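Structural features, examined
Single-letter residue listing:
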Amino acid sequence: MDWLDALILGIIQGLTEYLPVSSSGHIEIVKEVLGVNLPAEENLQFSVIVHAATVLSTIVVLWPMFAKLCKSFFTFRRDNDFYYVCKILVSCIPVGIVGVFLKDTVEEIFGSGLMVVGICLMVTAMLLTFAYLSDLRAARRNEGKLTEAPAGSEGREIGWIDSIVIGLAQAVAVLPGLSRSGTTIATGILLGNKKAAVAHFSFLMVILPILGECLLDLKDMIGGEAADSAIGVLPLLIGFVSAFLVGCAACRWMIDLVKKGKLIWFAIYCVIMGVVCIVW
């Protein structure tokens, strides 16, 4: 991998980690287009780096909320913030089970070509469309109200059952082409949760699974073949910086888009890309 490939893949990772179009699916698409076919150990190294960058971008963008939640949880305050973190932990259980017991199966699916990516992108489009229609119906029900609520404030707060269902959606979204952010946000909207609350919950709940995956990958790298077959410092650095910077911008943008109910445009995009993948 040269520095230009690393730059492009870093940008794609940072952008699509937050936009509801599937980062894993688009990484596979771009690799196919660029003709990038990394050995397993080098692919592992690059994946750890760019995923760590997107976790860092989430923490930076949501820092006030993240710091407040951490302070409440680690001091056992038993307030709303403490229980919010508990809901995040509950939501991570399904994807944790998938990561521990079905990791090899998921990795086999990732190597099965763009047909699976195309089909999963179609499923992502369907979920986003359902969420858009649900939000549209809710907005029409509120038309008769005298006061207009702030964008993204319609709906209820995320409850315990909601966190479990959204967590199950995240577990299913490990498939390439099935957007994690799109699936979890659409699920939350369909459950009747506030759009802004769902966006924040979706981005915070992915921190632990990504860090867990990075730790597992690091374990495989240490002392293995990956230790003797590095991509190189420059491509890794470029991949990290580009994924982080683009991720910060994409995270802020996506939160604003969810509040405004603009997910339908991503549904259209996923349909187009899904058709391209299937035809390819």
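Okay, so let's go over this structure. As the structure is a prediction and not an experimental result, all values here were calculated from the model.

Attention shifts here to the nonpolar core. Side chains that are nonpolar tend, in soluble globular proteins, to be buried together. Ile185, Phe203, Leu204 and Met254 are the most contacted members of the largest nonpolar core, which totals 69 residues. The element that contributes the greatest number of residues to this core is helix H12 (residues 233-260), accounting for 10 residues. Isoleucine 185 has contacts with Val198, Ala199, Ser202, Phe203, Met254, Val258 and Leu263, leaving out every residue within four places of it along the chain.

By the secondary structure assignment, serine 57 is in helix H3 (residues 40-61). Judged by its relative accessible area of 0%, serine 57 is buried. Excluding its chain neighbours within four sequence positions, the residues that come into contact with serine 57 are Tyr18, Phe244, Gly247 and Cys248.

Right, let's talk about unusual backbone geometry for a bit. With a phi close to 80 degrees, serine 22 is a non-glycine residue in the positive phi region. Within the element layout of this structure, serine 22 appears in the loop between helix H1 (3-16) and helix H2 (23-34). The phi angle at arginine 78 is positive, at roughly 60 degrees, despite the residue not being glycine. If you trace the backbone, arginine 78 turns up in the loop between helix H4 (63-74) and helix H5 (80-101). Residue arginine 78 is classed as exposed on the basis of its relative accessible area, which comes to 55%.

We now examine empty space enclosed by the protein. Counted by the stated rule, this structure contains two cavities of 30 Å³ or more. In this structure, the largest cavity spans a volume of roughly 50 Å³. What lines the largest cavity is simply Ala131, Tyr132, Asp135, Ile189, Lys195, Val258, Gly261 and Leu263. Among the elements that line the lining of the largest cavity, the one with the most residues is helix H7 (residues 114-141), at three residues. Lining the second largest cavity are Glu17, Tyr18, Thr54, Val55, Thr58, Val206, Ile207 and Ile210. Elements that contribute at least two residues to the lining of the second largest cavity include exactly H3 and helix H11 (207-221). Here the element with the most residues in the lining of the second largest cavity is H3; it accounts for three residues. Taken together, the residues of the lining of the second largest cavity break down into five nonpolar, two polar and one charged.

Within this structure, the stated rule accounts for eight aromatic pairs. When the ring of phenylalanine 73 is compared with that of phenylalanine 82, the centres are 5.4 Å apart and the planes differ by 20 degrees; the resulting orientation is stacked. Of the two residues, phenylalanine 73 and phenylalanine 82, both sit in the buried class. Relative to tyrosine 83, the ring of phenylalanine 82 lies with its centre 5.3 Å away and its plane at 85 degrees, an arrangement referred to as edge-to-face. The exposure class assigned to phenylalanine 82 is buried, which follows from its relative accessible area of 8%. Aromatic rings pair up to connect Phe73, Phe74, Phe76, Phe82 and Tyr83 into one cluster.

The rules behind each value
- Counting from 1, residues in each chain are numbered in the order their sequence is written.
- In keeping with the model being predicted, local features are shown solely for residues with a pLDDT of at least 70 and side-chain atom pairs are shown and tallied solely at 80 or more, while totals for entire chains, interfaces and linings include all residues.
- In computing side-chain values, all of the structure's heavy atoms are included and hydrogens and water are not.
- Among buried residues, those of type Ala, Val, Leu, Ile, Met, Phe, Trp, Tyr and Cys that are joined through side-chain atoms within 4.5 Å constitute a nonpolar core.
- Whether a residue is buried, partly exposed or exposed follows from its accessible area with a 1.4 Å probe, protein chains only, as a fraction of its type maximum: under 20%, in between, or over 50%, in that order.
- Strands are runs of DSSP state E lasting at least two residues, helices are runs of H or I lasting at least four, and both sets are numbered from the N terminus onward.
- Between two residues, a contact is recorded if the distance between any of their heavy atoms is within 4.5 Å.
- Residues are called lining when one of their atoms sits within 4 Å of a cavity or pocket point, these points coming from a 1 Å grid over the protein atoms alone, where a cavity is a set in which a 1.4 Å probe fits but cannot get out and a pocket is an open set with protein on both sides within 12 Å along at least five of seven lines.
- Grid points are joined across faces, edges and corners, and a volume is the space filled by probe spheres set on the points.
- Amino acids are sorted into nonpolar (Ala, Val, Leu, Ile, Met, Phe, Trp, Tyr, Cys and Pro), charged (Asp, Glu, Lys and Arg) and polar (every other residue, Gly among them).
- Any two of the Phe, Tyr and Trp rings considered here, Trp counted by its six-membered ring, make a pair once their centres fall within 6.5 Å; the pair's planes then place it as stacked at under 30 degrees, edge-to-face at over 60, or tilted in between.

Spatial relationships are all this shows, so hold off on functional conclusions.
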